[in-house]
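# Close look at the chain arrangement
Residue strings, one per chain:
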Amino acid sequence: DGGITQSPKYLFRKEGQNVTLSCEQNLNHDAMYWYRQDPGQGLRLIYYSQIVNDFQKGDIAEGYSVSREKKESFPLTVTSAQKNPTAFYLCASSYRGPYSNQPQHFGDGTRLSIL
Amino acid sequence: SQQGEEDPQALSIQEGENATMNCSYKTSINNLQWYRQNSGRGLVHLILIRSNEREKHSGRLRVTLDTSKKSSSLLITASRAADTASYFCATDALVSQGGSEKLVFGKGTKLTVNP
């Protein structure tokens, strides 16, 4: 079955450490997105990518980095510069834009906590 | 800032009752989407309604859109315990760079359906 796989499900970060969250999709979607969700809040866009080797900052990109070397993969690195990384991270994908007209398909998230 | 605001923040009903959730937004849109999120999981797309549509149905779901009032409602009829989840509206919005569009999510309505 096609879908989006995020791993790991739970992740713990030590002080000063960079951690990478994995997102893989086999839906043949061009566009991929990373969101952050805090308790009782909506989703905030971190980064998005419309095609391979191209990505743009979202609303809260500071302290995060991404790469898009393959169509299927869009990993997110939470760097030590992100001082408040504890959150639920969601990856999504959709057919290429104008992508606000396209439903987004989501993975089941990675919950990141600070040790 | 978030474009959509859901109301109420929380809703508790008995099985078999109807549940109505509202979404208000601030600026003009091309379309509005509703998503569902079960606890600890990713979002699932429910329905997309375009700005030139007034009502749309999908199974037990009915969505209305009033662009003059900048509001939308999601009605779930004959609710079931399995409908317990958070429901989010998402609207399209121009990003500040590149002229591309993105989805902007509200904070959601937490629906509890009691057996």
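Our subject is the structure listed above.
Before going into details, it helps to say that this report is about the structure given with it. As a convention, each chain's residues are numbered from 1 in the sequence order in which they are written. For naming, the first written chain is A and the first written ligand is 1, with later ones following in the order written. Owing to the predicted nature of the model, reporting of local features is limited to residues with pLDDT of at least 70; listing and counting of side-chain atom pairs is limited to 80 or more, with chain, interface and lining totals taken over all residues. To obtain the side-chain values, all non-hydrogen atoms of the structure were included, while hydrogens and water were left out.

Moving on, we come to the interface of chain B and chain A. Throughout, a residue-residue contact means that at least one pair of heavy atoms, one from each residue, lies within 4.5 Å. Taken together, the contact pairs 23 residues of chain B with 24 residues of chain A. In total, about 1900 Å² of surface goes out of reach between chain B and chain A, with carbon and sulfur atoms giving 46% of it. Think of a salt bridge as a Lys or Arg side-chain nitrogen and an Asp or Glu carboxyl oxygen that are within 4 Å of each other. In this structure, the connection of chain B to chain A is made through one salt bridge. With a shortest N-O distance of 2.9 Å, R41 of chain B and D108 of chain A are connected by a salt bridge. N or O atoms closer than or at 3.5 Å make up a polar contact, with two conditions inside protein: a donor-capable atom paired with an acceptor-capable one, and, for residues adjacent in sequence, both atoms drawn from side chains. Between the two partners, chain B and chain A, sit five residue pairs in polar contact (both at pLDDT 80 or more). By definition, any uninterrupted DSSP run of H or I lasting at least four residues is a helix, any uninterrupted run of E lasting at least two residues is a strand, and each is numbered from the N terminus. Only β4 (31-37), β5 (43-50), β9 (85-94) and β10 (101-105) of chain B provide two or more residues apiece to the side of chain B that touches chain A. Asp, Glu, Lys and Arg are counted as charged, while Ala, Val, Leu, Ile, Met, Phe, Trp, Tyr, Cys and Pro are counted as nonpolar; the rest, among them Gly, fall into the polar class. For the side of chain B that touches chain A, the per-class residue count stands at seven nonpolar, ten polar and six charged. Two parts placed together each lose some accessible area under a 1.4 Å probe, and adding up what both lose gives the buried area.

Attention now moves to the packing of aromatic side chains. Two aromatic rings, taken as a pair, are described by how far apart their centres are and by the angle between their planes. A pair of Phe, Tyr and Trp rings is counted when the ring centres sit within 6.5 Å of each other, with Trp represented by its six-membered ring. The angle between the planes then sorts it: under 30 degrees is stacked, over 60 is edge-to-face, the rest tilted. Taken as a whole and judged by the stated rule, the model has eight aromatic pairs over all chains. Seen in terms of ring centroids, F106 of chain A and Y35 of chain B are 5.8 Å apart; in terms of plane orientation they differ by 80°. Their pairing is edge-to-face. Remark: Y35 of chain B occurs in strand β4 and F106 of chain A occurs in strand β10 (residues 105-106); the pair is interchain, linking two chains. The cut-offs for exposure are 20% and 50% of the maximum accessible area for each residue type, with area from a 1.4 Å probe on protein chains only; residues under the lower value are buried, those over the upper are exposed, and the others partly exposed. Taking relative accessible area as the criterion, F106 of chain A reaches 12% and is therefore assigned buried.

All names here are of chain A. Here, two cysteine sulfur atoms that lie within 2.5 Å of each other are counted as a disulfide. This model, assessed by the stated rule, comprises two disulfides over all chains. Shown here is the disulfide that connects C23 with C91, its sulfur atoms set 1.9 Å apart. On the sign convention where negative means left-handed, the S-S torsion of about -75° between C23 and C91 marks this disulfide as left-handed. Residue C23 is located in strand β3 (residues 19-25), and its partner C91 is located in strand β9 (residues 87-94); the two are separated by 68 residues in the primary sequence. Its relative accessible area of 1% is what places C23 among the buried residues. For C91, a relative accessible area of 0% translates into the label buried.

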